[in-house]
Structures are given as C-alpha cells and as structure tokens.
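Examining the three-dimensional arrangement
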Amino acid sequence: MSADLRSAVAANFPEVPLYEDIEIALQSDTTAIALATPAPSHYQLALKALQVGKDVFVEKPMTLKTAEARHLAEYADAHDRILMVGHLLLYQPAISWMRDYLASGKAGKVFHVSAYRTKLGKVRREENVWWSFAPHDVSVVLDLLENPTLQCVKASGHDILQKNVADHVYVDLEFTDGQSAHIHASWYSPQVRRSTVVLAEKQMLVYDEVAQTVTVHEKTIDQQLNNQDHGSYVVEVAAAEPLKLECQHFLHCLATRQRPKSDGWNGFAVVEVLEKAQEAMDA
C-alpha cells in the first residue's frame, strides 16, 4: 500500500491497523487477509497467507495459471482455510435472481449464454483486456450454466494499441452437455455495454448491467421452426451493492466456516477458461 493510501485509510479508519510490509501483516494476529494486488502477485501472496494460517480473500483473477489455482484450492481445503475469490458479479442481486430463476426450470433448458463487456476503458500494459475484463463474465457464464464441464474453447484477440496486448477479444465456449457461451470484451469501444443474454428453451433473459434491469422475453422457436413471441416484461430486482454483499459473505464465511460461493474451486474454474482461451488466441 502506498504511503498516500495508508494516510487516507488512517484518517478515515483510525481503528484499522496498517503495515508498511506485507510480511509484517502476515505475522500479525489478524486471522484473515484480503489481497487487492497486481494479478501476477496473487498466487505467491495467497499461498504465503494460507501457509501461515490466514483465511484469504483474493481479487480476480485468482491466479494467472490453472495449476497455481488448483494448488491454492487444494491447499485451502487440506488445511481448513477459507479461500474466496472476488468474482463480484456473483453477488449482484440481478445475477442471483437469474440463477435462481433458471434453476427453477421456468425458462426451460438453457442453451446458450452471451456476455458483453465493452467501453473506452483503462488500457493496461501488463495484461490484455481478456484477463482484465473477462473474469467477471466467465464467472457468470459458469454460474448460470450450473458449473458445466468445459469441452472446447475458440478465441481470437486483436491488437490495436500495443503489440501482443489484445484490445478486442471474442471467445466461444462449448461444454460437454451441449450448452455453449460467447464472451466479447473490449476496452477500445465507443459504447459502454455490459450485458448478459440467456437463450433458453421457453424464454430468453437479458440483464443490462448499465441500466440494472432484467428483462424476460417470452420468445422461442417451436419444433416446426415457427417464431413464438408473447412479449416481454421487466423484473423488479431489489437494489443492493454487490461489493457490500460480497464483503458480508466473506465475513459470514469466516464466522461460520462455511464454504464461500466464489471459493477456490470457483476461482480455479474461471482461471481454467481464461488460460485455455489465451492459449487459443496464441495458437
């Protein structure tokens, strides 16, 4: 933490202990630690914290390699430690509503999920837009499809501003049960688009993250390939801050030793998709 940031925290939260060195923090009597550091440092810092007996919250992506993500998840389980990953959208009330609604079967079998995250955003040198933007959407896709088994990944990335740093990424995922997903991420776009579209057997759902609305479309195509359109309606979803809900969930898990919704294995599944898509782009 920078000196300026420590000063700001000290002024606003004088009861919070501050440390200039993470090694000192790791040896303190604090029982849990939250890591909001550059992604390349996540694995080593999270492992150190787990090894000294801390519970850990780590921001997305949990690691940059699937093998490292697996190691953290296995270590946490073996040593009865809480390991939670900052997949913020899983705590978004609209996503929670969609998950429960799809699980109820009212929309029928889910065929496909598309996710779009584009804007004129902060461009990074150390990671491409896929690793920067897509962890959110990968976590949502896997959640809405009830954690399917990945079968095939196709991906293309386009470098516009810097060599070997993709600014536009298109990824298609296929799963063993026949379901599929598409993710488009871009930080070089004139339009702000953050949305999730679900195509199911009886209905279609659209979550507009910007407007914070979920629309259920009573639309489908029947077995005779005829269009069936019975209109749409907007769902009233309770307003709540997902970051606050995420933090409350972590505290609850610390107190009850309950496994987090976005646990280490959830982090592993997301990193697996991220890494396989990167490999497909590099091929």
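Let me sum up the structure you'll find in this document.

Attention shifts here to the overall build of the protein chain. The number of helices and strands found in the protein chain is eight helices and 11 strands. Over its C-alpha trace the protein chain gives a radius of gyration of 20 Å, about what one expects of a compact globule, namely 19 Å for 283 residues. C-alpha atoms of the protein chain, sized along the principal axes, occupy 65 × 45 × 40 Å. Taken across its 283 residues, the protein chain has 46% of its residues classed as buried. Put simply, of all contacts in the protein chain between residues at least 6 apart along the chain, 63% involve residues at least 24 apart.

We now examine the state of the cysteines. Per the stated rule, a full pass over the model turns up zero disulfides. Cysteine C253 shares no disulfide, and the gap to the nearest cysteine sulfur, in C247, comes to 12 Å.

Next up on the list: the pairing of strand 9 (residues 204-208). The alternating pattern of strand 9 places L205 and Y207 on a buried face and M204, V206 and D208 on a face that is not buried. In this structure, strand 8 (residues 188-200) lies alongside strand 9, joined through five bridges in antiparallel fashion. Pairing of V197 across the sheet is with V206, part of strand 9. Taken together, strand 8 and the strand that follows it, strand 9, pair antiparallel across an intervening segment of three residues. Where strand 9 and strand 10 (residues 213-221) come together, five bridges link them in antiparallel fashion. Paired with V206 across the bridge in strand 10 is T215. The turn linking strand 9 back onto strand 10 is made up of four residues, and Q212 within it adopts a positive phi angle of 55 degrees.

Along the polypeptide, R124 turns up in the loop between strand 4 (110-120) and helix 6 (129-144). Taking C-alpha positions, R124 is 27 Å from L83, a pair spaced 41 residues apart along the chain. Ignoring sequence-local partners within four residues, the contact set of R124 consists of S132, Q162, V165 and W187. Side-chain polar atoms of R124 contact the side chain of E127, separated by 3.4 Å. Looking at R124, its side chain comes within polar contact range of the side chain of S132, at 3.4 Å.

Turning to a nonpolar patch on the surface, a few remarks are in order. Together, L120, V123, I160, L161 and Y188 make up a nonpolar patch on the protein surface, roughly 460 Å² of accessible area in all. Relative to the helices and strands, I160 resides in the loop between strand 5 (150-158) and strand 6 (168-175). Residue class for I160 comes out partly exposed when judged on its relative accessible area of 44%.

Strand order in the open sheet formed by three strands is 1-2-3, and the pairing between neighbours is parallel. Strands at the two margins of the open sheet, each flanked by one partner only, are strand 1 (32-35) and strand 3 (83-86). For this sheet the average axis-to-axis angle between neighbouring strands, irrespective of direction, equals 15 degrees. One ladder, built from four bridges, connects strand 1 with strand 2 (residues 55-59); its direction is parallel. Bridged to A32 within strand 2 is D55. Running over the sheet, helix 3 (residues 42-51) touches strand 1 and strand 2 and is turned about 170 degrees from strand 2.

Glancing now at the pattern of salt bridges. Enumeration over the complete set of coordinates arrives at 13 salt bridges. Here D55 ties to R257 by a salt bridge, and the two come within 2.8 Å at their closest N and O atoms. With a gap of 202 residues between them, D55 in strand 2 and R257 in the loop between helix 7 (242-256) and helix 8 (264-282) connect regions that are remote in the sequence. Its relative accessible area of 3% is what places D55 among the buried residues. Salt-bridge contacts for E127 lead to R124; the nearest nitrogen and oxygen are separated by 3.4 Å.

Glancing now at the side chain of D55. Side chain to side chain, D55 and R81 meet in a polar contact 3.1 Å long. A polar contact is formed between the side chain of D55 and the side chain of R257, at a distance of 2.8 Å. Not counting residues up to four positions away in its chain, the partners in contact with D55 are T31, A32, I33, R81, I82, L254 and R257.

Calculation rules
Residues numbered from 1 in each chain as written. Predicted model: local features only at pLDDT ≥ 70, side-chain atom pairs only at ≥ 80, totals over all residues. Heavy atoms only, no water. Helix = DSSP H or I, 4+ residues; strand = E, 2+ residues; numbered from the N terminus. Rg over C-alpha atoms; globule rule 2.2 N^0.38 Å. Buried < 20%, exposed > 50% of the residue type's maximum accessible area, 1.4 Å probe, protein only. Contact = heavy atoms within 4.5 Å. Disulfide = S-S within 2.5 Å. Pairing = 2+ DSSP bridges. Polar contact = N/O pair within 3.5 Å; in protein donor to acceptor, adjacent residues only side chain to side chain. Patch = residues over 30% accessible without salt bridge, like charges linked within 9 Å, V, L, I, M, F, W, Y side chains within 5 Å. Areas by Shrake-Rupley, 256 points an atom, 1.4 Å probe, with all protein chains shown as cover. Salt bridge = Lys/Arg side-chain N within 4 Å of Asp/Glu carboxyl O. Axes fitted to C-alpha atoms, helices over the stretch in contact; angles between N-to-C directions.

Keep in mind that these numbers describe shape and distance, not what the molecule does.
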